[in-house]
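Residue-level structural notes
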Amino acid sequence: MKESNQRKTGEVAAILMSVWLGIVATTVTHLWSYYNPLQANPILLKMGSWIPSWWAIGPYTGKETAGLVVWLCTWAILHWTLGRKEVNLKPWTIGFTIAFIANLIILWPAVYHTILWWPALPNTLPGGEG
């Protein structure tokens, strides 16, 4: 009988963790762009300038580039380290689901406005007074 070449469960855990970290990178760059657009947006525009028609969607290209780079780099590192092991996938999937939902909640404008002290930010009141 031949042994089956079944993949290790660590590979799945590495994928879940790297996807979540890519999502977090996209979220962090989005919040940075919201909080400090004068500093963040030129950097994000430059980061995303490799994407075709990047000027049409603005700093979003840089946010997606940051998420892509973090996802690919962490996937390579975690696949190399964690991918060779057998792990229990139940805690990994539960952790990913909870972290994903928490990230969605943080992206809800009412929540991140509270986190970033909006509207107490400078120049956020109508007419720029504030």
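Nothing here was measured: the structure is a model prediction, and the numbers come from that model.

Turning next to the environment of A25. Structurally, A25 is set in helix α1 (residues 9–35). Along the sequence, A25 and K63 sit 38 residues apart, while their C-alpha atoms lie 7.8 Å from each other. Contact partners of A25, with chain neighbours within four places excluded, come to A66, G67 and V70.

With 18 residues, helix α5 (residues 89–106) extends 25 Å from end C-alpha to end C-alpha; this agrees with the ideal 26 Å at 1.5 Å per step. Its side-chain oxygen 3.3 Å from the backbone nitrogen of K90, N88 forms the N-cap of α5.

Right, let's get into a nonpolar patch on the surface. A cluster of nonpolar side chains, I15, W50, L68, W71, L72 and W75, forms an exposed patch at the surface whose accessible area comes to about 570 Å². Take the nonpolar patch: its biggest share by element is four residues, from helix α4 (residues 60–81). Assessed through its relative accessible area of 53%, W50 is described here as exposed.

The next subject is the packing of α1 against α5. Running from N to C, α1 and α5 point in directions that differ by 10°, and their axes come no closer than 10 Å. With respect to α5, the axis of α1 lies roughly parallel. Residue-level inspection shows T9, V12, A13, L16, M17, V19, W20, I23, V24, T27 and L31 of α1 in contact with α5, the latter providing L89, W92, T93, F96, A99, F100, N103 and I106. Its residues assigned to classes, the contact of α1 with α5 shows 15 nonpolar, four polar and no charged.

About the cut-offs
Residues numbered from 1 in each chain as written. Predicted model: local features only at pLDDT ≥ 70, side-chain atom pairs only at ≥ 80, totals over all residues. Heavy atoms only, no water. Helix = DSSP H or I, 4+ residues; strand = E, 2+ residues; numbered from the N terminus. Contact = heavy atoms within 4.5 Å. Expected span 1.5 Å × (residues − 1). Polar contact = N/O pair within 3.5 Å; in protein donor to acceptor, adjacent residues only side chain to side chain. Patch = residues over 30% accessible without salt bridge, like charges linked within 9 Å, V, L, I, M, F, W, Y side chains within 5 Å. Areas by Shrake-Rupley, 256 points an atom, 1.4 Å probe, with all protein chains shown as cover. Salt bridge = Lys/Arg side-chain N within 4 Å of Asp/Glu carboxyl O. Buried < 20%, exposed > 50% of the residue type's maximum accessible area, 1.4 Å probe, protein only. Axes fitted to C-alpha atoms, helices over the stretch in contact; angles between N-to-C directions. Parallel < 35°, antiparallel > 145°, perpendicular 65-115°, else oblique. Nonpolar A, V, L, I, M, F, W, Y, C, P; charged D, E, K, R; others polar.

Read these as geometric descriptors, not functional statements.
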